[in-house]
Each structure stands twice: as C-alpha cells, then as structure tokens.
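Structural overview
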Amino acid sequence: MNCLLCGSIFQSPPTWRKLLLYEIEATSCKRCLSKFEKADTQFDLSDFEDSHYKGALNSVTALYSYNEAMKSYLHQYKFLQDVALASVFAEEIRLLIEKREGIVVPIPMHPDKLLTRTFAQVDELLISAGLPFQHLLVKTETAEQGKKSKKERLEASPLFEVTGKVEAKTYVLFDDIYTTGTTMHHAAKVLKEAGASKIEAITLIKG
C-alpha cells in the first residue's frame, strides 16, 4: 500500500497480534511515523487552580508533542481537508482510549466552523479508531482561545452547552490538540455541573 504521508509504497508486516487480536492496519510507513515525537504526558494544570475551573479535569493524557512533523500533519489534515489522514494514528488512539473506563465525548466544533471545514476532525479520529462516542456538547463560542490572554481565558463564559443526558459516571473528553487547556477545562466543567462524577481528557497532540 501507499503511505498516506509521503506516498511511498510500504508493506505492513504480519504479526501474531494481527492474527489473534483486533489491530488496525498501518496506513503510514515507519520512516514517516518515526518523525513524530511521543509527548510528555505529565500535564501542568496549575493555571486553573485559582479559577472556578479548579478540579474540573481529573487527568490529561496526550500521545504526541507538537513538532514540525506534527505541525505539517495537522495542517494537511485540518486545513487542507485531507480526511484520509484521520487513520494515521488510529491504532495508538484506540489502544489508549480502550484502557479507560468511561464514555468518550469528542470536543465539538462550532457549527459555523464545521460548515467551513466540511468535516469534524475530532469525530473522524475516533471513527478511524473504531471507538464508540457520544455527542453531549455543543460549542457556543467561536473565538480562538490561544489568541486570548490568560486572564481573558480564565474569566470567559463557558464555551459549551450540554445537549444530552449526563449521568454520575466517568467521561473521557477527546480532542486533537491541547494548547492552553481552556477548551478542555470549559468542557469538563459543564459536564461535571450536569452530573458527571469524573472527567479524564485525552488528546492526540500536546501543543
């Protein structure tokens, strides 16, 4: 098959795992995948300790850091609308989320942005990983959080509204990238206020 990232022909070698267990077939060659860097998963949540978002998130885990290879991947996937690239990290996402005992909730796009981009990139990552999820949130704010000051982010009105039934269970928020953490904390807070007992967050990238 052809690598989705560089176009070169490669062959995914057979493994006992593929024969005995469910494993998603690789869609990118080892040379391309070696350019991505695993993330340091120890997240600093101290920015939110003195805000009303304190305790909203119980944990945050990311798979990869935001290096040049990931920057190029994200640009091609999100902004050049290359939906096929959703499958590049499907197996890693599947293995990480399957370890969690919780209901997966993707971070949604604002409806206006979804019309522009034509596809929900976070949903597509989960679909490629073969993972079930529930849409429980709708985004109400269009402004990019990274362009706001820390004070503005902490004092902003909630970015989301809950649209489905939330029970006293664990929920796993999933997004493509964690930058300032504002988006995740806002989503976690509204879910907890709606009745969730625990909120974990997982992202593909740590910005």
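The structure presented is a predicted model; accordingly, all values stated were derived computationally and were not measured.

Regarding the packing of aromatic side chains
Describing an aromatic ring pair means giving the distance of the ring centres and the angle of the ring planes. Inspection of the entire model under this criterion finds seven aromatic pairs. Ring centres of Tyr73 and Tyr77 lie 5.8 Å apart, and the angle between their planes is 20°; this geometry places the pair in the stacked category. Of the two residues, Tyr73 and Tyr77 both sit in helix H3 (residues 68-79), four residues apart, roughly one turn of that helix. Site record: aromatic cluster; members linked through ring pairs are Phe36, Tyr64, Tyr73, Tyr77, Phe89 and Phe119.

Quick look at the side chain of Thr203
The topology assignment puts Thr203 in strand E6 (residues 198-206). The class for Thr203 is buried, based on a relative accessible area of 0%. At 3.0 Å, the side chain of Thr203 and the backbone oxygen of Ile205 are in polar contact. For Thr203, the residues in contact, after removing those within four places along its chain, are Thr61, Ala62, Leu63, Phe174, Asp175, Asp176, Ile177, Tyr178 and Met184.

Quick word on helix H8 (residues 182-193)
Here H8 spans 17 Å end to end across 12 residues, near enough to the 16 Å set by a 1.5 Å rise per residue. Burial analysis of H8 places 10 of its 12 residues in the buried class, which makes it a mostly covered element. Buried residues of H8: Thr182, Thr183, Met184, His185, His186, Ala187, Ala188, Lys189, Val190 and Leu191, and no others.

Details of the sheet that holds strand E1 (residues 59-65)
Within the open sheet, the four strands sit side by side as E1-E6-E5-E2. Their pairing is parallel. Of all strands in the sheet, those with a lone pairing partner are E1 and strand E2 (103-106), marking the two edges. Strand after strand, the sheet turns through a mean of 25° between neighbouring axes, direction not considered. In the sheet, strand E5 (residues 170-178) pairs with E6 via eight bridges, with the strands oriented parallel. Bridge assignment links Tyr178 to a residue of E6, and that residue is Lys206. Of the strands in this sheet, E1, E2, E5 and E6 touch helix H4 (residues 90-98), which is tilted by about 160° from E1. On the sheet, helix H6 (residues 121-128) packs against E2, E5 and E6 and is oriented at approximately 115° with respect to E5.

About the cut-offs
- Residues numbered from 1 in each chain as written.
- Predicted model: local features only at pLDDT ≥ 70, side-chain atom pairs only at ≥ 80, totals over all residues.
- Heavy atoms only, no water.
- Phe/Tyr/Trp six-rings, centres within 6.5 Å; stacked < 30°, edge-to-face > 60°.
- Helix = DSSP H or I, 4+ residues; strand = E, 2+ residues; numbered from the N terminus.
- Buried < 20%, exposed > 50% of the residue type's maximum accessible area, 1.4 Å probe, protein only.
- Polar contact = N/O pair within 3.5 Å; in protein donor to acceptor, adjacent residues only side chain to side chain.
- Contact = heavy atoms within 4.5 Å.
- Expected span 1.5 Å × (residues − 1).
- Pairing = 2+ DSSP bridges.
- Axes fitted to C-alpha atoms, helices over the stretch in contact; angles between N-to-C directions.

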